Amino acid sequence: MKILFLVYHGFSDESGISKKIHYQVKGLRQNGHEVHLCYYDFDPRGHRCRYVGNKVIADYGTGALAAIRSRTQLDCIYNYCAVNAIEMVYARSFMNASPILVRLFHKLNKRGIKCITEIPTYPYDSEFKGYPLKYKIPLYIDKLFRKALAKKMEAIVTFSNEETIFGKRTICISNGIDLDSIPIHNPKKQNDIHLIAVAEIHYWHGFDRLVAGMGEYYKLNPDARKVFFHVVGWEDDRGTTSNGYLTVEQTAKKYNIGQYVVNHGKLFGDKLDEVFNQCVFAIGSLGRHRSGITNIKTLKNREYAARGIPFIYSETDNDFEDKPYIIKAPADESPVNIRQIIDFIDTHDVNPTEIRNTVEHLSWRFQMEKVVREI
């Protein structure tokens with residue numbers, strides 16, 4: 001099948017989302033499909049452009065008018081699909097439903113092209129709670145047109161358990177992994193406990209709960225075994241303080257434990273592997289309840305399992321609920337129980353390869369073919 005994989009933004013080497021999209025494309029190709037990756041980015045001159053692969057299919061120019069044109073002039077996508085006999089469009093939602101998008105997919109439908117949209121997290125409205133108005137305006141527009149856009153789809157792809165979204169049937173899959181790209185965990189033996197979290201951090205990740213737990217642990221055990229928290233990524237604090245939460249840095253300062261929280265910034269490749277191998281336990285999302293989500297299959301849980309490192313999370317993730325290498329934290333605002341993590345590490349003989357073997361069926365090749373079969 002000829003598939004156009006449509007993304008409404010560009011890519012970066014350190015972005016987990018960027019890597020995920022490329023692995024999804026790889027998964028489709030592994031199943032024999034011809035995939036054309038369409039995305040939006042800047043060229044070396046600073047022009048706003050829409051690409052398919054390395055080919056520019058629209059050059060919108062520079063300046064404010066170019067920004068407007070990039071959102072309103074989408075016929076280049078339809079024309080590319082028509083000329084190249086595209087049979088299916090797989091679009092990754094950017095929470096950007098609009099009359100322009102509704103028109104584009106209406107034209108694609110009339111041409112007989114099957115269209116589906118992936119919604120990475122659902123529901124997502126609460127993720128904008130506390131954000132400044134300029135970030136909420138696109139969400140308001142999305143609210144007005146999301147149902148009309150959903151009507152143009154064959155189905156909505158979701159990583160939740162929802163049977164319908166915006167009135168359209170869903171295809172429920174798991175976030176996948178590319179095992180070829182994820183090295184097996186090789187932890188160093190040491191007495192100190194090193195924890196790791198990798199994310200583009202938002203308030204719904206709830207890492208402040210982990211730091212608060214460390215603060216309570218050190219308050220009660222100032223001379224006890226040392227616990228360090230390694231944070232890899234960057235923290236987007238929009239919506240954090242306005243919703244009454246603290247950032248990782250603010251929480252560490254509150255408990256005066258800054259020396260035990262190590263912020264590495266963005267890392268990837270060998271440098272990321274080095275930090276992982278220094279650590280023995282990983283931190284998944286601890287605050288999805290803050291954005292109204294109870295069931296979700298996050299990419300990060302799967303990446304931790306693919307490496308073979310045990311981890312903690314607080315949402316419901318049906319792929320891991322019964323696994324012996326996870327800890328479930330309560331979905332509330334209580335500080336994480338650090339003693340529970342230490343006891344888990346001391347009493348569980350974790351084999352990274354055995355953990356990795358439990359998620360082989362979650363490869364992107366398998367997950368993306370489920371989508372195509374449904375369509």
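Calculation rules
- Residues numbered from 1 in each chain as written.
- Predicted model: local features only at pLDDT ≥ 70, side-chain atom pairs only at ≥ 80, totals over all residues.
- Heavy atoms only, no water.
- Helix = DSSP H or I, 4+ residues; strand = E, 2+ residues; numbered from the N terminus.
- Rg over C-alpha atoms; globule rule 2.2 N^0.38 Å.
- Buried < 20%, exposed > 50% of the residue type's maximum accessible area, 1.4 Å probe, protein only.
- Contact = heavy atoms within 4.5 Å.
- Areas by Shrake-Rupley, 256 points an atom, 1.4 Å probe, with all protein chains shown as cover.
- Lys, Arg positive; Asp, Glu negative; His and termini not counted.
- Charge placed at Lys NZ, Arg CZ, Asp CG, Glu CD.
- Patch = residues over 30% accessible without salt bridge, like charges linked within 9 Å, V, L, I, M, F, W, Y side chains within 5 Å.
- Salt bridge = Lys/Arg side-chain N within 4 Å of Asp/Glu carboxyl O.
- Pairing = 2+ DSSP bridges.
- Axes fitted to C-alpha atoms, helices over the stretch in contact; angles between N-to-C directions.

Colleague: Quick rundown of the overall build of the protein chain? Include the residues and the values.
Modeller: Within the protein chain, the secondary structure is distributed over twelve helices and 15 strands. The C-alpha radius of gyration computed for the protein chain amounts to 22 Å, which stays within 12% of the reference 21 Å derived for 375 residues, consistent with globular compactness. Taking all 375 residues of the protein chain together, 53% fall into the buried category. Considering only contacts in the protein chain between residues 6 or more positions apart, those separated by 24 or more positions represent 70%. Just so you have it, the protein chain exposes about 17,000 Å², and 50% of that area is on carbon and sulfur atoms. Once the 51 positive and 44 negative side-chain charges of the protein chain are each reduced to a mean point, those two points are 7 Å apart.

Colleague: Any details on a nonpolar patch on the surface? Residues and values, ideally.
Modeller: There is a patch of nonpolar side chains on the surface, built from Leu133, Ile137, Tyr140 and Ile141 and spanning about 380 Å² of accessible area. Tracing the chain through its elements places Leu133 in helix H5 (residues 133–150).

Colleague: Which residues make up the pairing of strand S9 (residues 168–172), and what are the values?
Modeller: Bridge count for strand S7 (residues 155–158) against S9 is three bridges, and the pairing is parallel. Its bridge partner being in S9, Val157 is matched across the sheet by Ile171. In this structure, strand S8 (residues 164–165) lies alongside S9, joined through two bridges in antiparallel fashion. In the sheet register, Thr164 faces S9, and the bridge partner there is Arg169.

Colleague: Give a detailed account of unusual backbone geometry, specifying residues and quantitative values.
Modeller: For the bond running from Tyr122 to Pro123, omega is -5 degrees, close enough to zero to count as cis. Assignment of secondary structure puts Pro123 in the loop between strand S6 (114–119) and H5. You will see that Phe166, though not glycine, has its phi angle at about 55 degrees, which is positive. If you trace the backbone, Phe166 turns up in the loop between S8 and S9. With relative accessibility at 15%, the residue Phe166 sits in the buried group.

Colleague: How would you summarise the sheet that holds strand S12 (residues 261–265) if you had to cite specific residues and measurements?
Modeller: Pairing is parallel across the open sheet formed by six strands, whose spatial order is S12-S11-S10-S13-S14-S15. Two strands lie at the open edges of the sheet, namely S12 and strand S15 (326–328), each paired on one side alone. Pairwise comparison of adjacent strand axes, ignoring direction, gives a mean angle of 25 degrees for this sheet. Pairing analysis gives four bridges linking strand S11 (residues 227–235) to S12, with the strands arranged parallel. From the neighbouring strand, Val231 faces S12, where its bridge partner is Asn263.

Colleague: I'd like a rundown of the side chain of Asp319, residues and numbers included.
Modeller: With respect to the helices and strands, the residue Asp319 is situated in the loop between strand S14 (311–313) and S15. For Asp319, a relative accessible area of 18% translates into the label buried. Every residue in contact with Asp319, bar those within four places of it in the chain, is listed here: Ser174, Lys297, Arg302 and Leu362.

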